[in-house]
Amino acid sequence: MGLFSRFSKKSSAEKIDDTVDEEHDVDDAATVDTDAQESTDTDAEDSADIDSDEADSDEADIESAEAEGSTDDEDVDELDEEALLEKSAPYDRAEKGPFDAEEDFPELNRLDLGALKVPVVDGMQVRLDTDDDSQRVLAVTLIHDGGGIQLQAFATPRSEGLWNTVRKQLSTSVASQGGEASELHTSLGKELAAEVPAKTEDGRPGKRAMRFAGVDGPRWFVRAVFSGKAVTDEEIRSELSALLRGVVDRGQEAMAPRELIVLTAPQVDADPENEDEDKDELNPFERGPEITEVR
């Protein structure tokens, strides 16, 4: 199989997209049939006669309660906003990553994608998602044992995080599509497990399961989307989760919050002197069967 493949897609946005429109052709083990359910709502209305004096009194009480409640709501909204801006990361990020390029990190065999340097696993395939017009690399998808993990990096302020906000927006997006989402506490911190309506291979209605993870670091945020067997198989998910524990090189240039940190294609050097000798040998970088993503 080919180790590297490139998949182009048109992208008009350079900032994070919180909509759920991912479809990975990795392994649709996470797509299941579902029966259509219908529900009917019944409304009940009660009427009662109220004396005019009592009505005026009740109205005054309501206005007073609303005035007090508005102040409480403002305080709650302010607290919620502060909580959303807090950084969210695995408790052991400092020891196991993902690391910032300026931090101390263990020397491992890593694939250099510029902004992301990910650990290399035997048998792993790498697909680069690029923009049709500019050919800039927007995301990288790592595929192993029928599971996939898509990684993207974004700029953030030094004192603020993105994952709490993005996770909430993703949950809202899933609900708007008629799906369900729930938070999970894992070794990567807070993840979002989602099921969205989809069609099975035979055209029947079903659900597609996905899992989202995110890590806030110094001036960057990395979003991961698990697909295929990485959603349902804990062993495969654990192997792919380790690929998130790489190194993030944010760079020193000024960037707007949520701006995508563009990746670079890995450089594969060939030795021209040995090129003829290697023709009959297995070339790990020879293009082979690829797994593409339909959006």
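The structure under discussion appears in the preceding block.
In short, a report on the structure. Given the structure is predicted, the values throughout are model-derived calculations rather than measurements.

As for the overall build of the protein
Logical step 1: When you go through the protein residue by residue, the secondary structure sums to five helices and 13 strands.
Logical step 2: Burial status across the protein gives 38% buried among its 295 residues.
Logical step 3: Once local pairs closer than 6 in sequence are excluded, the contacts in the protein between residues at least 24 apart make up 71%.
Logical step 4: As displayed, the protein has an accessible area near 17400 Å², and 45% of this comes from carbon and sulfur atoms.

Some words on the pairing of strand S7 (residues 137-144)
Logical step 1: The buried fraction of S7 amounts to eight of the eight residues, a majority that puts the element mostly inside the structure.
Logical step 2: With six bridges joining them, strand S6 (residues 125-131) and S7 adopt antiparallel strand pairing. Paired with Arg127 across the two strands is Thr141, which belongs to S7.
Logical step 3: Between S6 and S7, which pair antiparallel and follow one another directly, the connecting turn spans five residues, one of which, Gln135, has a positive phi of 60°.
Logical step 4: In this structure, S7 lies alongside strand S8 (residues 147-155), joined through five bridges in antiparallel fashion. Considered in S8, the bridge of Ile143 is made with Gly148.
Logical step 5: Two successive antiparallel strands, S7 and S8, enclose a turn made up of two residues, where Asp145 displays a positive phi of approximately 55°.

Observations regarding the packing of aromatic side chains
The relative placement of two aromatic rings is captured by the distance of their centres and the angle of their planes.
Logical step 1: Under the defined criterion, the tally for this structure stands at three aromatic pairs.
Logical step 2: For the ring pair Trp163 and Phe221, a centre distance of 6.0 Å and an interplane angle of 25° mean the geometry is stacked. A residue pair is termed long-range when its members are at least 10 positions apart, and Trp163 in helix H3 (residues 163-176) and Phe221 in strand S12 (residues 220-228) qualify at 58 residues. Each member of the pair, Trp163 as well as Phe221, carries the same accessibility label: buried.
Logical step 3: Taken together, Phe154, Trp163 and Phe221 form an aromatic cluster joined through their ring pairs.
Logical step 4: Just above the ring of Phe226 sits the side chain of Arg237; from NZ or CZ to the centre is 5.5 Å.

Reading the values: rules and limits
- Residues numbered from 1 in each chain as written.
- Predicted model: local features only at pLDDT ≥ 70, side-chain atom pairs only at ≥ 80, totals over all residues.
- Heavy atoms only, no water.
- Helix = DSSP H or I, 4+ residues; strand = E, 2+ residues; numbered from the N terminus.
- Buried < 20%, exposed > 50% of the residue type's maximum accessible area, 1.4 Å probe, protein only.
- Contact = heavy atoms within 4.5 Å.
- Areas by Shrake-Rupley, 256 points an atom, 1.4 Å probe, with all protein chains shown as cover.
- Pairing = 2+ DSSP bridges.
- Phe/Tyr/Trp six-rings, centres within 6.5 Å; stacked < 30°, edge-to-face > 60°.
- Lys NZ or Arg CZ within 6 Å of the ring centre and 35° of its normal.

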